Amino acid sequence: MPEASASVPTSAQELDELPRPTSLSDVKGWFHPADQVLFDWFLSRQLSREEPGDLLELGAYLGKSAIFMGGYLRPGETFTVCDLFDSPAPDDANSKEMNRSYATLTRRAFEANYRSFHERLPAIVQAPSSGITSHVRPESCRFVHIDASHLFEHVHADIAAARRLLTPGGVVVLDDFRAEHCPGVAAATWGAVATTGLKPLCITATKFYGTWGAYHDAREALGVFLAGRGDMWHGAEEVAGHPMIRISGAKAVQPAQPVVRSPKGRGLASLLGRRG
């Protein structure tokens, strides 16, 4: 599907002129070790089970989680990243949010960071996330990460879009669902659990993981995985008739990290060979 862009994509020469990170930790952003562990577990499980589907991220900031997700992309699959970057926000409230939190965000910085680890950029939709269903096919994504606007109306729409775009067994992840400065995310998240059939698989200090599809097998397998780790506490909570796993990962050991490409661009930055 066509790419929506409010600016010309950055040239390779321009990207080479920008500072390059030497590790994922150099990329500014919020992607805690516990969530890296869970992204790795869900995405690796999908690969091992040969579950079909593409990847989607709504809200990229400077690319930290996108760089991580890009390592789980198989040949023939598409990774789509949607963000306003330098484009005007669609309404006054979103504009104020962007100016307050992301004044230095640029598409050039995202692309430079991503290309430091991966040979090819994802499919970039530079537009409000409200239009993502015009660029991604229904039931085509196995994993959707939502970290765009924190305003209730926008998050509500992003969740509805994720439901439409996910495969029957796909997983959606919502960021900042319990942050005190983001009550709109919490309202939209738990509202979806209460009214749309979204089943909560697990939560961390910052992210909610759920599915509208198969639930019990994934939850049980995740419980077994967590029981074998000494760095992440977990317990069960009953939510809307579903036993959800609550995780405390303050001491979580991060998984294998993306590998920086060589200066001459030799080799891909897949995390490990097992990730396709």
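All values reported here derive from a predicted model rather than from experimental measurement.

### Some words on the overall build of the protein
Counting its regular elements, the protein contains eight helices and nine strands. Counting across all 276 residues of the protein, residues that qualify as buried make up 53%. When contacts within the protein are restricted to residue pairs at least 6 apart in sequence, long-range pairs at least 24 apart make up 72% of them. A total of about 12,700 Å² of accessible surface is found on the protein, and carbon and sulfur atoms cover 53% of it.

### Examining helix α8 (residues 216-227)
An ideal rise of 1.5 Å per residue puts 16 Å on 12 residues; α8 measures up with 16 Å between its terminal C-alpha atoms. All of the buried residues along α8 are Ala218, Arg219, Leu222, Gly223 and Leu226. Angularly, the buried residues of α8 cover 135° about the axis, an arc narrow enough to put them on a single face. Every exposed residue of α8 that faces more than 90 degrees away from the buried side is listed here: His216, Asp217, Glu220, Val224 and Ala227.

### Considerations on the side chain of arginine 142
Topologically, arginine 142 is positioned in strand β4 (residues 141-146). Of note is the side chain of arginine 142, whose polar atom sits 3.0 Å from the backbone oxygen of glycine 53.

### Topic: the sheet that holds strand β7 (residues 207-211)
One open sheet accounts for nine strands, arranged β3-β2-β1-β4-β5-β7-β6-β9-β8; its pairing is mixed. Looking along the sheet, the strands with just one partner apiece sit at the ends: β3 (123-126) and β8 (233-239). Going across the sheet, the axis of each strand differs from the next one's by a mean of 20°, ignoring polarity. As paired elements, strand β6 (residues 199-203) and β7 share four bridges and run antiparallel to each other. Across the sheet, cysteine 202 pairs through a bridge with tyrosine 209, a residue of β7. Running at roughly 165° to β3, helix α5 (residues 107-115) makes contact with β2 (79-83) and β3 of the sheet.

### Considering the environment of leucine 55
One can find leucine 55 in strand β1 (residues 54-58). Each C-alpha atom, one on leucine 55 and one on phenylalanine 79, is 4.6 Å from the other, the two residues being 24 residues apart in sequence. With sequence-adjacent residues up to four places away left out, leucine 55 is seen in contact with Leu43, Met69, Tyr72, Leu73, Thr78, Phe79, Thr80, Arg142 and Phe143.

### Concerning the packing of helix α6 (residues 152-165) against helix α7 (residues 183-195)
Between α6 and α7, the shortest axis-to-axis distance is 8 Å and the interhelical angle comes to 35°. In this structure, α6 meets α7 at a crossing whose hand is right-handed. Along its contact with α6, which presents Phe152, Val155, His156 and Ile159, the element α7 presents Gly184, Val185, Ala187, Ala188, Thr189 and Ala192. Per-class residue counts for the contact of α6 with α7 are seven nonpolar, three polar and no charged.

### Thoughts on the pairing of strand β9 (residues 242-248)
Where β6 and β9 come together, two bridges link them in parallel fashion. For isoleucine 203, the partnering residue across the bridge sits in β9 and is arginine 246. Relative to β9, β8 is paired through seven bridges, and the arrangement is antiparallel. Considered in β9, the bridge of glutamate 238 is made with proline 243. Two successive antiparallel strands, β8 and β9, enclose a turn made up of two residues, where alanine 240 displays a positive phi of approximately 55°.

### Looking at the pattern of salt bridges
Per the counting criterion, the structure on display carries eight salt bridges. For arginine 49, the salt bridge is made with glutamate 51, and the minimal N-O distance between the two is 2.7 Å. Using a relative accessible area of 48% as the deciding quantity, one classes arginine 49 as partly exposed. The closest approach of N and O atoms between arginine 142 and glutamate 77, which form a salt bridge, is 2.8 Å. Separated by 65 residues along the polypeptide, arginine 142 in strand β4 and glutamate 77 in the loop between α3 (64-70) and β2 bring together distant segments of the chain. When its relative accessible area of 0% is taken as the criterion, arginine 142 is described as buried. What makes glutamate 77 buried here is its relative accessible area of 16%.

### Remarks on the nonpolar core
Within the largest apolar cluster, 41 residues are counted, with the highest numbers of intra-cluster contacts made by Phe39, Phe42, Phe110, Phe143, Cys202 and Leu222. For this core, the secondary-structure elements that each account for two or more residues are α2 (33-48), α3, β2, α5, β5 (166-175), β6, α8 and β9. In terms of residue count, the dominant contributor to this core is α2 (eight residues). Every residue in contact with leucine 222, bar those within four places of it in the chain, is listed here: Leu38, Trp41, Phe42, Cys202 and Ile245. Counting residues in each nonpolar core, the second largest holds 31 residues, with Val136, Ala161, Val185 and Phe208 among its members.

The rules we used
Residues numbered from 1 in each chain as written. Predicted model: local features only at pLDDT ≥ 70, side-chain atom pairs only at ≥ 80, totals over all residues. Heavy atoms only, no water. Helix = DSSP H or I, 4+ residues; strand = E, 2+ residues; numbered from the N terminus. Buried < 20%, exposed > 50% of the residue type's maximum accessible area, 1.4 Å probe, protein only. Contact = heavy atoms within 4.5 Å. Areas by Shrake-Rupley, 256 points an atom, 1.4 Å probe, with all protein chains shown as cover. Expected span 1.5 Å × (residues − 1). Arc of directions from axis to C-beta. Polar contact = N/O pair within 3.5 Å; in protein donor to acceptor, adjacent residues only side chain to side chain. Pairing = 2+ DSSP bridges. Axes fitted to C-alpha atoms, helices over the stretch in contact; angles between N-to-C directions. Left-handed = near helix turned anticlockwise from the far one by under 90°. Nonpolar A, V, L, I, M, F, W, Y, C, P; charged D, E, K, R; others polar. Salt bridge = Lys/Arg side-chain N within 4 Å of Asp/Glu carboxyl O. Core = buried A, V, L, I, M, F, W, Y, C linked by side-chain atoms within 4.5 Å.

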